[in-house]
Amino acid sequence: MQSNRSLLARLTNEYPVVLFSALAIGLSWAVWIATFSITTSRSGLWMLGIVLGAFGPGAAGAVVTRLRGESVHAWLATIFDWRRPLRWYGLAIAVPVVGALGVAVVVFSLVGLPDSSSLGQLAPLFLFNLVLATLFTGGNEEFGWRGFALPHLQKRFSALTASVLVGGVWALWHVPMFVYDVYPHSPVLYTASVVCFAVILTWYYNASDGSVLGAVLFHGTLNAAVNVPGQAVGGAEAVPVPYAAILTGTFGVLATLFVVRYGPETLSHNEAVQPRWTGSRSTDGAVSSNPSSDGHGTEPSD
């Protein structure tokens, strides 16, 4: 028993992202596999299961933080720290929308322009999907991906390498969606697109001085916006090339621009953001030992 405790202590202290990844995958897969095995596709219970499973990364971040003897309250305080210039929340919407416009250019050049009435009908659907994806089926994952995994990885690796690692785990986490035919995309192309998204989100996270709430909005907007061009032409299957290939190509170009502009080490003009809650121990509830009195290491910069 003592040796098991020692092994767990070593894992949580030396390899927190390994343990986090295993927990995030295990928690979400358990919910999704059970859901997809016993419910009818697109039913209310089916949707509820997808939503509950999407909270796996956040739950894993909280568990590993607690196992490390750190304050979950302090960790959550860094996540819910909303104090950033308003422009960062604007960019969290604008950048995914610009990427989606790039996807639209490719899709419409292959299929033709949709009529204006179909685009008008998609507007309320986009707004509904934006709220759903931000709060329940995308943005909520950011408590784990950017809220926990990325800052820990940036202690050991460059921002670009950390992005690829997070993107790889993020893609692996989605495996049940392919096994149970929830996602129609090629797993390989989907993985490539997710890694591109991860690089772009690392730029945003570091440039905004670690805004997790901004990343939540960014992720939700991304999920809602990238499907609009396909919906406008009658569905992704109406496009003569794999939709995931278009996403990978478009967002791959955007990710490459960020790497070239800012360099792979930090992907921004700021330092790579590392954990700011690790000085807080759960035993006494102390506040995180961040050298900055307001919780920010540097001023956000693009």
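Rules behind the numbers
Think of each chain on its own: its residues are numbered from 1, step by step along the sequence as written. A pLDDT threshold of at least 70 governs which residues receive local features in this predicted model, and a stricter bar of 80 or more applies before side-chain atom pairs are shown or counted, although totals over entire chains, interfaces and linings include all residues. Hydrogens and water molecules were not included; the side-chain quantities draw on all heavy atoms of the structure. Here's how the labels work: a residue is buried when its accessible area is under 20% of the maximum for its type, exposed when over 50%, partly exposed in between, all with a 1.4 Å probe on protein chains only. Numbered from the N terminus, helices here are DSSP runs of H or I no shorter than four residues, and strands are runs of E no shorter than two. Two residues form a contact once any of their heavy atoms are found within 4.5 Å. UniProt positions are given in the numbering used here, feature names are shortened, and annotations may be inferred rather than shown by experiment. Every patch collects residues that have over 30% relative accessible area and no salt bridge, joining them within 9 Å if they carry like charges and within 5 Å if they are nonpolar side chains (Val, Leu, Ile, Met, Phe, Trp, Tyr). All accessible areas in this document rest on Shrake-Rupley with a 1.4 Å probe, and a residue is counted as covered only by the protein chains that are shown. Salt bridge, as used here: a side-chain nitrogen of Lys or Arg that lies within 4 Å of a carboxyl oxygen of Asp or Glu.

**Q** Explain helix α8 (residues 142-153) residue by residue, including any values.
**A** Most of α8 sits inside the fold, with eleven of its twelve residues counted as buried. Within the sequence span of α8, burial applies to Glu 142, Gly 144, Trp 145, Arg 146, Gly 147, Phe 148, Ala 149, Leu 150, Pro 151, His 152 and Leu 153. Taken together, the buried residues of α8 touch α2 (16-38), α4 (56-67), α5 (72-79), α9 (159-173), α11 (187-207) and α12 (212-225).

**Q** Residues and numbers for the side chain of Thr 221, please.
**A** Summarising the element assignment, Thr 221 is placed in helix α12. Judged by its relative accessible area of 1%, Thr 221 is buried. When neighbours within four sequence positions are excluded, Thr 221 is seen to be in contact with Ala 92, Ile 93, Pro 96, Val 97, Leu 130 and Thr 134.

**Q** Would you mind going over the UniProt feature "domain: CAAX prenyl protease 2/Lysostaphin resistance protein A-like" (unreviewed entry) in the protein in detail, with residue names and values included?
**A** Within this structure's numbering, the places UniProt gives as "domain: CAAX prenyl protease 2/Lysostaphin resistance protein A-like" (unreviewed entry) are residues 125-224. Its end C-alpha atoms 9 Å apart, residues 125-224 is made of 77% helix and 0% strand.

**Q** Could you give an account of the UniProt feature "transmembrane region" (unreviewed entry) in the protein, naming the residues involved and the relevant values?
**A** Under the present numbering, the feature "transmembrane region" (unreviewed entry) in UniProt falls on residues 15-38, 44-67, 88-113, 119-136, 157-175, 187-205, 212-229 and 241-260. What you have in residues 119-136 is 94% helix and 0% strand, and the ends, taken at the C-alpha atoms, are 25 Å apart. Secondary structure across residues 157-175 divides into 84% helix and 0% strand, with the first and last C-alpha atoms of the span separated by 26 Å.

**Q** Lay out the environment of Ala 9 with the relevant residues and their values.
**A** Here Ala 9 is to be found in helix α1 (residues 2-14). Taking the C-alpha atoms as reference, Ala 9 lies 9.5 Å from Gly 69; in sequence the two are 60 residues apart.

**Q** Explain unusual backbone geometry to me, and be specific about the residues and the numbers.
**A** Residue Arg 42 is not a glycine yet carries a positive backbone phi of 70 degrees. Turning to its location among the elements, Arg 42 is positioned in the loop between α2 and α3 (44-53). Relative accessible area serves as the criterion here: at 60%, Arg 42 is assigned to the exposed category. With a phi close to 60 degrees, Asp 181 is a non-glycine residue in the positive phi region. Structurally, Asp 181 can be placed in the loop between α10 (175-179) and α11. The class for Asp 181 is exposed, based on a relative accessible area of 66%.

**Q** An account of a nonpolar patch on the surface is needed here, citing residue identities and associated values.
**A** Together, Phe 55, Val 131, Leu 135 and Phe 136 give the surface a local cluster of nonpolar side chains, amounting to about 350 Å² of exposed area. Summarising the element assignment, Phe 55 is placed in the loop between α3 and α4.

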